[in-house]
Amino acid sequence: MAHIEQIRCVHPNAFKFTWERRIGRFGNLSEDYELLIVPSNNESEPLTTVSPSDLVKRKTTFSNALLEITKDFHSKFLLSLDPPIHVDNEKVARWHKDFNPDTCCSDIDVTKLPAKPEINALLLVSEAMRETNKLFHSEISVPAKDEKSSSSVEEDKNDEEEAAFKEALKNRFKGINPVLVKKILAKEKLLMEKELVTDKEKTDELKQIDQLYDVARFLRSTFINEKKVALRMDFLLPRLLKSFSFNAPDMNKMVKLLSELSPTFLKLINIRNTDYAKVDKNVSLLLVEKSINDHKNKK
């Protein structure tokens, strides 16, 4: 999967990745999922057929993206020389004589594939708990004769509640390994405890910051593929939403934050009430990554 994640990083729109339920032997949907990978165009729309011209175009786009990445490493190499050499990436016609791509270029970054959906067994646990909760809180009217009889009734009540709870779980998780049920219950407890003490707003913010570098790579690749100086945000936003698991307001917030952290790389402008984004492809993504990490360390 590592090579597929690297391909997705270099050319985010080359393929469309979706998780779908497996089809069982008799045509029934399985509880398990499988990852479907289909070729797509630059708009992330699946291609039903791939013609020879499509293959040539896809190969050219991928090669150009790899070339731009290599230029970034070449630029970093030139700056490491003594004295450093400053050359515009767009004007580079050949590599420095001491620049060896095999040794001077690190591994291609990866863009994680969509996470596999989890079988939502936790909801089943919650339903079972809610159903049996009524039993736990049902009142049993018992005459208070003496302390001994009251204690006996209380024990009987606890036994009945425990038996009812076990019976409810047994019916709800019929056919499921008891060890798995125990793990599910334990996991739900941990998730609940974590949710109670975790600052959700801060967690979401850190999650967005972690994805900023991938967003920057995506924007850069898109601008290279489109060969445009500026692109409308209503053109970019749908493509970003298809590639990242964020809603539109959060994605807009992330793009704005990226422009604030690295204004030389990304500029947001408004012309006649239309929002545009402008990416400087000559700015090294290493500098963008440093700005993002510095911001994250302050959190």
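Only a predicted model underlies this, so the values are computations on that prediction, with no experimental measurement involved.

1. Some thoughts on the overall build of the protein chain
Okay, so step 1: The secondary structure content of the protein chain amounts to ten helices and five strands.
Okay, so step 2: Relative to its 299 residues, the protein chain shows a buried fraction of 29%.
Okay, so step 3: Long-range contacts, defined here as pairs at least 24 residues apart, represent 62% of the contacts in the protein chain between residues at least 6 apart.
Okay, so step 4: Accessible area for the protein chain stands at about 20,300 Å²; split by element, carbon and sulfur atoms hold 54% of it.

2. Digging into the sheet that holds strand β4 (residues 266-271)
Okay, so step 1: Ordered by their spatial adjacency, three strands build an open sheet running β3-β5-β4, and the pairing between neighbours is antiparallel. Each of the sheet's edge strands pairs with one partner strand only, and the pair in question is β3 (230-232) and β4. Each strand axis lies, on average, 30 degrees off the axis of its neighbour in the sheet, ignoring direction.
Okay, so step 2: Where β3 lies against strand β5 (residues 274-279), three bridges are found, and the strand directions are antiparallel. Of the residues in β5, the one forming a bridge with leucine 231 is alanine 277.
Okay, so step 3: Along the sheet, helix α8 (residues 233-243) makes contact with β3, β4 and β5, crossing β3 at roughly 75 degrees.

3. Details of the side chain of aspartate 214
Okay, so step 1: In this structure, aspartate 214 sits in helix α7 (residues 200-226).
Okay, so step 2: Look at aspartate 214: it is buried, it has no salt bridge, and the nearest opposite charge is arginine 217 at 6.0 Å.
Okay, so step 3: Excluding residues within four positions of it along the chain, aspartate 214 makes contact with Val110, Thr111 and Phe244.

Procedures and definitions
Residues numbered from 1 in each chain as written. Predicted model: local features only at pLDDT ≥ 70, side-chain atom pairs only at ≥ 80, totals over all residues. Heavy atoms only, no water. Helix = DSSP H or I, 4+ residues; strand = E, 2+ residues; numbered from the N terminus. Buried < 20%, exposed > 50% of the residue type's maximum accessible area, 1.4 Å probe, protein only. Contact = heavy atoms within 4.5 Å. Areas by Shrake-Rupley, 256 points an atom, 1.4 Å probe, with all protein chains shown as cover. Pairing = 2+ DSSP bridges. Axes fitted to C-alpha atoms, helices over the stretch in contact; angles between N-to-C directions. Lys, Arg positive; Asp, Glu negative; His and termini not counted. Salt bridge = Lys/Arg side-chain N within 4 Å of Asp/Glu carboxyl O.

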